[in-house]
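Summary of structural features
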Amino acid sequence: MGSVHLFAIAIAEVRDIFGAPPELAARLRAVAAREFGNGMRTPTQGLLGKLGPVFGRQPDAAVVRPGVPTGTDVANLLAGHFVPPHRLTAAWVLLERWLGELSWGQIGTELGADALSALDFDLARAGVPSRYGVADLIRNDLGLALRPAPGIAAGYVAHQQTLEVADAWRPALDALEPVHQPLVRGLLTWLDAFPGWAVQAADAGRQPPDLVAILRS
């Protein structure tokens, strides 16, 4: 089953993660340590560590598992360095955790490709312009120093267009098929929080949130 995960955060703040300044980098390392503590351990350089080349890996090295972030993944993302193909899935897991930490709000739902197409068709049938469909939320590339992982698509909608999405969905809600109404109602409630988050962002000296979307197939 696929999923859609949405975050309320300015796209500039997402891009700031890559090449993060010291204060932000320290905050994000703390999040990674809390969420993936066992994988964040840095090998020691004691006697066993020096014997590492004799073994297949250093005896005290953390076990690297596909899809589970490590300290190396953290360092690569924060520095904006190249992420090798076999670590892309883990890097996106890490990025999603960080977006959850930095965003004003987030929402996620299981939604496979067929269900997504059916939902967008229903929205269009109810009079919602195609540019405000769910699939269109990933039209704008995030512009990150991180390539998409297999099965992942990501994009963003600027703040003003996010407000337009909510305005387009609201009058169409009752015309949707009953199977889609609870999902759209929940998403609409979340979208309606954007004006308030923009006020909070201004008070905090931050940019108004855009909508960042990550779709997993």
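Scroll up to find the structure.
Residues numbered from 1 in each chain as written. Predicted model: local features only at pLDDT ≥ 70, side-chain atom pairs only at ≥ 80, totals over all residues. Heavy atoms only, no water.

**Some details on the packing of helix H4 (residues 71–79) against helix H5 (residues 88–102)**
Each pair of packed helices can be summarised by the angle the axes make with each other and by the distance between the axes. Put simply, the rule reads: Lines fitted to C-alpha atoms define the axes here, with helix axes fitted over just the stretch in contact, and angles between the N-to-C directions of these axes take values from 0 to 180 degrees. Helical segments are the DSSP runs of H or I of at least four residues, strand segments are the runs of E of at least two, and each set is numbered from the N terminus. An angle below 35 degrees is treated as roughly parallel, one above 145 as roughly antiparallel, one from 65 to 115 as roughly perpendicular, and anything else as oblique. Rotating anticlockwise by less than a right angle from the far helix to the near helix defines a left-handed crossing, while the corresponding clockwise rotation defines a right-handed one. Should any heavy atoms of two residues lie within 4.5 Å, those residues are counted as being in contact. Residues are grouped as follows: nonpolar covers Ala, Val, Leu, Ile, Met, Phe, Trp, Tyr, Cys and Pro; charged covers Asp, Glu, Lys and Arg; every other residue, Gly included, is treated as polar.
Viewed as axis vectors pointing N to C, H4 and H5 meet at an angle of 70°, and their least axial separation amounts to 10 Å. When the interaxial angle is binned, H4 and H5 end up roughly perpendicular. The two elements H4 and H5 cross, and the hand of that crossing is right-handed. Taken together, the residues of H5 that come into contact with H4 (itself represented by Asp73, Val74, Leu77 and Leu78) are Ala90, Ala91, Leu94, Leu95 and Trp98. Its residues assigned to classes, the contact of H4 with H5 shows 8 nonpolar, no polar and 1 charged.

**Examining the nonpolar core**
Just so we agree on the cut-off: We define a nonpolar core as any set of buried Ala, Val, Leu, Ile, Met, Phe, Trp, Tyr and Cys residues linked to one another through side-chain atoms lying within 4.5 Å. Burial here depends on accessible area, computed with a 1.4 Å probe over protein chains only, as a share of the maximum for the residue type. Under 20% is buried, over 50% is exposed, and the range in between is partly exposed.
Core analysis: the biggest nonpolar cluster contains 35 residues, and Ile17, Trp92, Leu95, Trp98, Leu99 and Leu146 have the highest contact counts within it. Counting residues per element, the ones that place at least two in this core are helix H1 (11–15), helix H2 (22–35), H4, H5, strand E3 (152–157) and strand E4 (211–216). Here the element with the most residues in this core is H5; it accounts for 9 residues. With sequence-adjacent residues up to four places away left out, leucine 146 is seen in contact with Phe18, Val83, Leu88, Ala91, Trp92 and Leu95. One finds Val4, Leu176, Leu187 and Leu191 within the second-largest nonpolar core, a separate group that totals 29 residues.

**Description of the packing of aromatic side chains**
Quick note on the threshold: Two rings from Phe, Tyr or Trp (for Trp, the six-membered ring) form a pair when their centres sit within 6.5 Å of each other. Planes less than 30 degrees apart are called stacked, planes more than 60 degrees apart edge-to-face, and all others tilted.
Per the counting criterion, the structure on display carries 3 aromatic pairs. Geometrically, the ring pair formed by tryptophan 190 and phenylalanine 194 is edge-to-face, given 5.2 Å between the ring centres and 85° between the ring planes. Taking the centre distance of 5.3 Å and the plane angle of 70° together, the rings of phenylalanine 194 and tryptophan 197 count as edge-to-face. Note that phenylalanine 194 and tryptophan 197 are positioned in helix H9 (residues 194–203) at a spacing of 3 residues, about one turn of the helix. The pair phenylalanine 194 / tryptophan 197 is uniform in exposure class, with both members buried. Taken together, the aromatic side chains of Trp190, Phe194 and Trp197 make up a single cluster linked through ring pairs.

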